[in-house]
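# Fold and contact review
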Amino acid sequence: MKLLDGRVVSQAVKDRLKTQTEERLIQGKKVPHLAAILIGNNGASETYVASKVKSCAEVGFKSTLIRLDGSVTEQDLLFKLGELNEDFDIDGILVQLPLPKHISEEKVIEAICASKDVDGFHPESVGRMVQGLPAFYPATPYGILLLLEHYGIETKGKHAVVIGRSNIVGRPISIMLSKNEYPGNCTVTVCHSHTTGLKEICLQGDIIIAALGRPEFLKADMVKEGAVIVDVGITRVPDATKKSGFTIKGDVDFDAVFPKCSYITPVPGGVGPMTIAALMMNTFKACKAKD
Ligand code: NAD
């Protein structure tokens, strides 16, 4: 059994990006610049955005953090996005989700210029990804691919079971793993809240991607011997023994599944850091496209 260590791999990705950014500077080229919009005071969102801004500094990118009050109108947010779209120096734009209820996620995602859509959520990015055209891949599935690639995990002909079909994780990773390239060429089964016989399906999985947001959902008796387990889940579970008042739990019952599988991602320290590394990759790519 081996850990798929997202901290180590994301550091390797960031080290490479740092070198490439330094090379750009020497060549007199522009440095990648990410703009992040954070709305309201959601604790988890604050943490995610802070990590993204910190990672930009680590790799030598510029970043601009735009904090907007939770009561900001949809119109004002769309206006801000219009300004960022027009700003040549900004290469990538991300709006941290979830948004306040009075703002349409769909409208906001579509308002981001596709060439700056480093989160890969814009319908144009998704369409290009589905058709196998060069595209910004959504950061979390892209991070998973980088992780599988780093450890040289064989994917060709394997049965990948994806639990969850959200637009940001389940659906895109299922498409990416079925593509005719490495890492891919899997036979993919997508499971969701209406799937029947989930346990039997999981038992057939050579690779299981758990992305449903239910702490410790995937138990040892749902996993076949030697499977590769990728745990995407991040849930804050109340924990009075912790100073923060909560513990982070993944979607996999890690301690029980660990001895059965060949590879597994820890939570935290697995997919989470890879998501940020993938975002940095996309931002670099967006900048390079302007050369
Ligand atoms: P979501 O709520 O949008 O989607 C959950 C999916 O799981 C749905 O498609 C639903 O049909 C399915 N589902 C729910 N209950 C199920 C059940 N009992 N059996 C089978 N399927 C079931 O969630 P999301 O945005 O895709 O996020 C999933 C988890 O991944 C969350 O814990 C989230 O915090 C985490 N996440 C982590 C990262 C990261 O960087 N590590 C990034 C994004 C999301």
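See the structure shown above.
Every value quoted in this text rests on a predicted model; they were computed, and no experiment measured them. (Residues numbered from 1 in each chain as written. Predicted model: local features only at pLDDT ≥ 70, side-chain atom pairs only at ≥ 80, totals over all residues. Heavy atoms only, no water.)

### Here we look at the site of the ligand
Near the ligand you find 21 residues, and of these Arg165, Ser166, Val232, Ile234 and Thr275 are the closest. One of the side-chain N or O atoms of Arg214 is found 3.4 Å from a nitrogen atom in the ligand. Considered on its own, the ligand offers 850 Å² of accessible surface; in the complex 74% of this is hidden by protein. By residue number, the principal contributor to the shell around the ligand is helix α10 (residues 271-288), which donates 3 residues. Residue classes in the shell around the ligand are distributed as 9 nonpolar, 10 polar and 2 charged. (Near = heavy atom within 4 Å. Polar contact = N/O pair within 3.5 Å; in protein donor to acceptor, adjacent residues only side chain to side chain. Areas by Shrake-Rupley, 256 points an atom, 1.4 Å probe, with all protein chains shown as cover. Helix = DSSP H or I, 4+ residues; strand = E, 2+ residues; numbered from the N terminus. Nonpolar A, V, L, I, M, F, W, Y, C, P; charged D, E, K, R; others polar.)

### Here we look at unusual backbone geometry
Between Leu97 and the following residue, Pro98, the backbone shows a cis peptide bond with an omega angle of 0°. Position of Pro98 relative to the elements: it lies in the loop between β4 (92-95) and α4 (105-111). Cis geometry marks the peptide bond from Tyr182 to Pro183, where omega comes out at -10°. Here Asn185, not a glycine, exhibits a phi torsion of approximately 55°, which is positive. Locating Asn185 in the fold gives a position in the loop between α7 (170-178) and β6 (187-191). A relative accessible area of 26% means that Asn185 is categorised as partly exposed. Phi at Glu216 is positive, roughly 55°, even though this residue is not glycine. (Buried < 20%, exposed > 50% of the residue type's maximum accessible area, 1.4 Å probe, protein only.)

### Description of the sheet that holds strand β3 (residues 62-68)
Taken in spatial order, the 3 strands line up as β3-β2-β4 in an open sheet, and their pairing is parallel. A single partner strand is all that each edge strand has here, and the edge strands are β3 and β4. Ignoring which end each strand starts from, the neighbouring axes of this sheet average 15° apart. Across the sheet, helix α3 (residues 74-86) is in contact with β2 (33-39), β3 and β4; its angle to β2 comes to roughly 175°. (Pairing = 2+ DSSP bridges. Axes fitted to C-alpha atoms, helices over the stretch in contact; angles between N-to-C directions. Contact = heavy atoms within 4.5 Å.)

### A few points about the packing of aromatic side chains
Inspection of the entire model under this criterion finds 4 aromatic pairs. When the centroid spacing of 6.4 Å and the interplanar angle of 25° are considered together, the rings of Phe61 and Phe284 count as stacked. Here Phe61 is found in the loop between α2 (43-59) and β3, whereas its partner Phe284 is found in helix α10, with 223 residues between them in sequence. On the basis of relative accessible area, Phe61 is assigned to the buried category, the value being 6%. You can call Phe284 buried: its relative accessible area is 8%. Its end group placed over the ring of Phe284, Arg24 keeps NZ or CZ at 6.0 Å from the ring centre. The ring of Phe88 carries Lys290 above its face, with NZ or CZ at 4.6 Å from the centroid. (Phe/Tyr/Trp six-rings, centres within 6.5 Å; stacked < 30°, edge-to-face > 60°. Lys NZ or Arg CZ within 6 Å of the ring centre and 35° of its normal.)

### Points about the pattern of salt bridges
All told, the structure shown has 17 salt bridges when counted by the stated rule. In this structure, Lys18 and Glu22 form a salt bridge, with 3.5 Å as the shortest nitrogen-oxygen distance. Residue Lys18 and its partner Glu22 are both found in helix α1 (residues 6-26); the two are separated by 4 residues, about one turn of the helix. Between Lys290 and Asp91 there is a salt bridge, and its shortest N-O distance comes to 2.7 Å. Of this pair, Lys290 sits in the segment after α10 while Asp91 is found in the loop between α3 and β4, placing the two residues 199 residues apart along the sequence. We classify Lys290 as partly exposed; its relative accessible area is 29%. A relative accessible area of 0% means that Asp91 is categorised as buried. Bridged by salt links that share partners, the residues Lys30, Lys62, Asp89, Asp91 and Lys290 form one connected network. (Salt bridge = Lys/Arg side-chain N within 4 Å of Asp/Glu carboxyl O.)

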